[in-house]
Amino acid sequence: DDGLSYMAYTEQITFLLDVPRAPQSRQPWSDMVDCARRCARATEGVLVDDAQHPLTDAAVAAVARQLESHYKALDAAGLAAGSPAAVRVFN
């Protein structure tokens, strides 16, 4: 016994999309996924979802559909994502 203890740990980078502050026209979801994929490649990591499952293209597309619904709901409420009103309300 060398008297040392070793802990296994996972290094992780978390990406979050603040929808009310991210104008849909700037394609924030697509840009964020592209950035996350580049980071995973550069670090020889794996891109996963919040349940630690590999993030598939189908999952990315499903999230994109959910985001479309959220953006429409914000617009319908008069709080377009990225607008001063949305930023004030979701501050």
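Within each chain, residues carry numbers counting from 1 in the order of the written sequence. Local features in a predicted model are, by the rule used here, given only for residues with pLDDT of at least 70; side-chain atom pairs are given and counted only at 80 or more, and totals for whole chains, interfaces and linings are based on all residues. To get the side-chain values, take all heavy atoms of the structure and skip hydrogens and water.

A. Seen up close, helix α2 (residues 57-76). Each helix is a run of H or I in the DSSP string that is no shorter than four residues. Each strand is a run of E no shorter than two, and both are numbered from the N terminus. By definition here, a helix of n residues has an expected span of 1.5 Å times n minus one. The terminal C-alpha atoms of α2 lie 29 Å apart, and with 20 residues this matches the ideal 28 Å at 1.5 Å per residue to within 8%. The criterion used for residue contact is that any of the two residues' heavy atoms lie within 4.5 Å. Looking at the buried positions of α2, the neighbouring elements they touch are α1 (28-42). Just past α2, the residue glycine 78 takes up positive phi, approximately 75°.

B. Quick look at the environment of leucine 74. Relative to the helices and strands, leucine 74 resides in helix α2. On the basis of relative accessible area, leucine 74 is assigned to the buried category, the value being 11%. Put simply, leucine 74 and proline 20 are 54 residues apart on the chain and 7.7 Å apart in space, counted from C-alpha to C-alpha. Every residue in contact with leucine 74, bar those within four places of it in the chain, is listed here: Val19, Pro20, Leu79, Ala80, Ala81 and Phe90. Exposure categories follow from relative accessible area, calculated using a 1.4 Å probe and restricted to protein chains: below 20% of the type maximum is buried, above 50% is exposed, and the middle band is partly exposed.

C. Quick peek at the nonpolar core. What we call a nonpolar core is a set of buried Ala, Val, Leu, Ile, Met, Phe, Trp, Tyr and Cys residues that are connected through their side-chain atoms within 4.5 Å. By size, the foremost hydrophobic cluster in this structure holds 13 residues, and its most contacted members are Val19, Trp29, Val60, Leu67, Tyr71 and Leu74. Listing elements by their share of this core, those giving two or more residues are α1 and α2. Of the residues forming this core, the biggest block, four residues, is contributed by α2.

D. Quick look at the pattern of salt bridges. Should a side-chain nitrogen of Lys or Arg be within 4 Å of a carboxyl oxygen of Asp or Glu, the pair is scored as a salt bridge. Under the defined criterion, the tally for this structure stands at two salt bridges. Residues arginine 21 and aspartate 18 are paired through a salt bridge, measuring 3.3 Å at the closest nitrogen-oxygen approach. For aspartate 18, a relative accessible area of 39% corresponds to the partly exposed category. Between arginine 37 and aspartate 57 there is a salt bridge, with the nearest N and O atoms lying 2.8 Å from each other. One end of the pair, arginine 37, is in helix α1; the other, aspartate 57, is in helix α2, with 20 residues separating them in the sequence. Judged by its relative accessible area of 60%, aspartate 57 falls in the exposed class.

Nothing here speaks to function; it is all geometry.
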